[in-house]
Amino acid sequence: MSDLQTNNNQRHPLTILREQASLLGSKTDNVVVAKVIEDDSYDPPKYDFYLIAIPLENFHHRLFSIQYEIPYPVFFDFRKEKKLEQEIEEKRGKWKWELPAYSEEEFESILYEIFHSERIKKVIGSLLTLSEEFVAEAGS
Amino acid sequence: MKDLWLNKYDKVAGKTPGSILEKQAARLGEKTKHQVEPVVEQSRVLLEEENSLWHRLLLTIPTRPMYQYGHFTMLHSADFYPVFFLVDEEMMRELQPGRIGRHSLLRVESEEELQPVLQGIFNSKETERVVGLLQAQNGNGSQGVKK
């Protein structure tokens, strides 16, 4: 995985996001994985972060999107996941439009909160349960 | 590389809408002595840019594989609820007689609401009518479904 470096040695948000996406599969026996998909219809491009349930015919669930100005701040958009937005808001307080991260450290801190949130536990847990059921029914 | 995830994610407990539907559907098969066999097809569909899980209840005649009837469709997201039912207008009129206008989408908020809605569908006159027609195709006359 190429590691994009920024001028002041901060790691590029996209590199960090893709690295994190690559780690989820090992925690779910590769039933639920994460993927970053670029949407270049926006300028600057938008990067959507998805959970994908492989046995559920690659069912996609979008968690959030990011856009950034090279390389920081990064702006998080939770428009497709209002319950996650609410939970992060309870910890960080309300923000206007999109949640900003002004540094690598802050970006990673928000990702940590997302990945440890009750909402993510519930969504991944649901996808694991649904996947198991789907495979059992397909095999019966 | 830092790992920002939890070490492990666990399955959620509780019945999925699909498993509840399967159980109720199986009862219909028993009541018709398996002359009409409900089959739940499931897949995913893209709905407004996001995926939904789709469960379609087909009523089939085991002895005549060519005959099948798409009775209704149930949809939900990664959250088990709300569940949305796509039913025909006739069925909707039975389920919600007071509802004004033409509707075929029924929203169900919880497992507690899902059970009676499924019972309402399987015990409806419309289900009885369709099952009767399928039984007639099977050469057993229009016996309907024994409640």
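Quick caveat: nothing in here was measured; it's all calculated off a predicted structure.

Attention now moves to the environment of Ala34 of chain A. Examined against the element boundaries, Ala34 of chain A turns out to sit in strand E1 (residues 32–39). The spatial distance from the C-alpha of Ala34 of chain A to the C-alpha of Leu17 of chain A is 9.9 Å, given a sequence separation of 17 residues. Here Ala34 of chain A is in contact with Ala21, Leu24, Phe49, Tyr50 and Leu51 of chain A together with Trp5 of chain B, once residues within four sequence places are set aside.

What follows concerns the pairing of E1 of chain A. Residues in a regular strand project their side chains so that they alternate between the two faces of the sheet. Residue and element names in this part refer to chain A. Relative to strand E2 (residues 46–53), E1 is paired through eight bridges, and the arrangement is antiparallel. Counted as the bridge partner of Glu38 is Tyr47 from E2. Connecting E1 to the antiparallel partner E2 that follows it, the hairpin turn spans six residues.

A few words now on the interface of chain A and chain B. A common way to state how big an interface is: give the accessible area lost once the parts meet. Chain A puts 38 residues into the contact, and the matching count from chain B is 30 residues. Summing the contributions of chain A and of chain B, the shared interface buries around 3300 Å²; its carbon and sulfur component is 57%. When residues of chain A are sorted by the area they lose upon contact with chain B, Lys27, Phe59 and Leu130 of chain A head the list and together hold 19% of the total. The closest approach of N and O atoms between Lys83 of chain A and Asp79 of chain B, which form a salt bridge, is 3.8 Å.

Turning our attention to the nonpolar core. Among the nonpolar cores identified, the biggest contains 73 residues, and Phe64 and Phe76 of chain A together with Phe85 of chain B are the most heavily contacted of them. Tallying contributions element by element places helix H4 (residues 118–139) of chain A first for this core, with seven residues.

All right, on to the pattern of salt bridges then. In total, this model carries 20 salt bridges over all chains according to the counting rule given. Linking Arg79 of chain A and Asp77 of chain A is a salt bridge whose minimum nitrogen-to-oxygen distance equals 3.2 Å. Taking the relative accessible area as the measure of exposure, Arg79 of chain A reaches 56% and is therefore exposed. In this structure, Glu109 of chain B engages Arg107 of chain B in a salt bridge whose closest nitrogen and oxygen atoms are separated by 2.4 Å. The partly exposed category is assigned to Glu109 of chain B, whose relative accessible area is 38%. A network of salt bridges, in which partner residues are shared, links Glu81, Lys83, Arg119 and Lys122 of chain A together with Asp79 of chain B.

Criteria and thresholds
Think of each chain on its own: its residues are numbered from 1, step by step along the sequence as written. The order in which chains are written sets their letters, starting at A; the order in which ligands are written sets their numbers, starting at 1. Given that the model is predicted, a residue must reach a pLDDT of at least 70 before its local features are reported, and side-chain atom pairs must reach 80 or more before they are shown or counted; all residues, however, enter totals for whole chains, interfaces and linings. Here the side-chain values reflect all heavy atoms present in the structure, with hydrogen atoms and water set aside. A helix here means a DSSP run of H or I that spans at least four residues, while a strand means a run of E at least two residues long, and both kinds are numbered starting from the N terminus. Any two residues whose heavy atoms approach within 4.5 Å at even a single point are treated as in contact. Note on pairing: two strands pair once DSSP finds at least 2 bridges between them. Once two parts are put together, the accessible area they lose, assessed with a 1.4 Å probe and summed over both, is termed the buried area. Each reported salt bridge corresponds to a side-chain nitrogen of Lys or Arg within 4 Å of a carboxyl oxygen of Asp or Glu. Nonpolar cores were defined as sets of buried Ala, Val, Leu, Ile, Met, Phe, Trp, Tyr and Cys residues, with membership established by side-chain atoms within 4.5 Å. Each residue is placed in one exposure class: buried if its accessible area under a 1.4 Å probe, protein chains only, is under 20% of its type's maximum, exposed if it is over 50%, and partly exposed if it falls in between.

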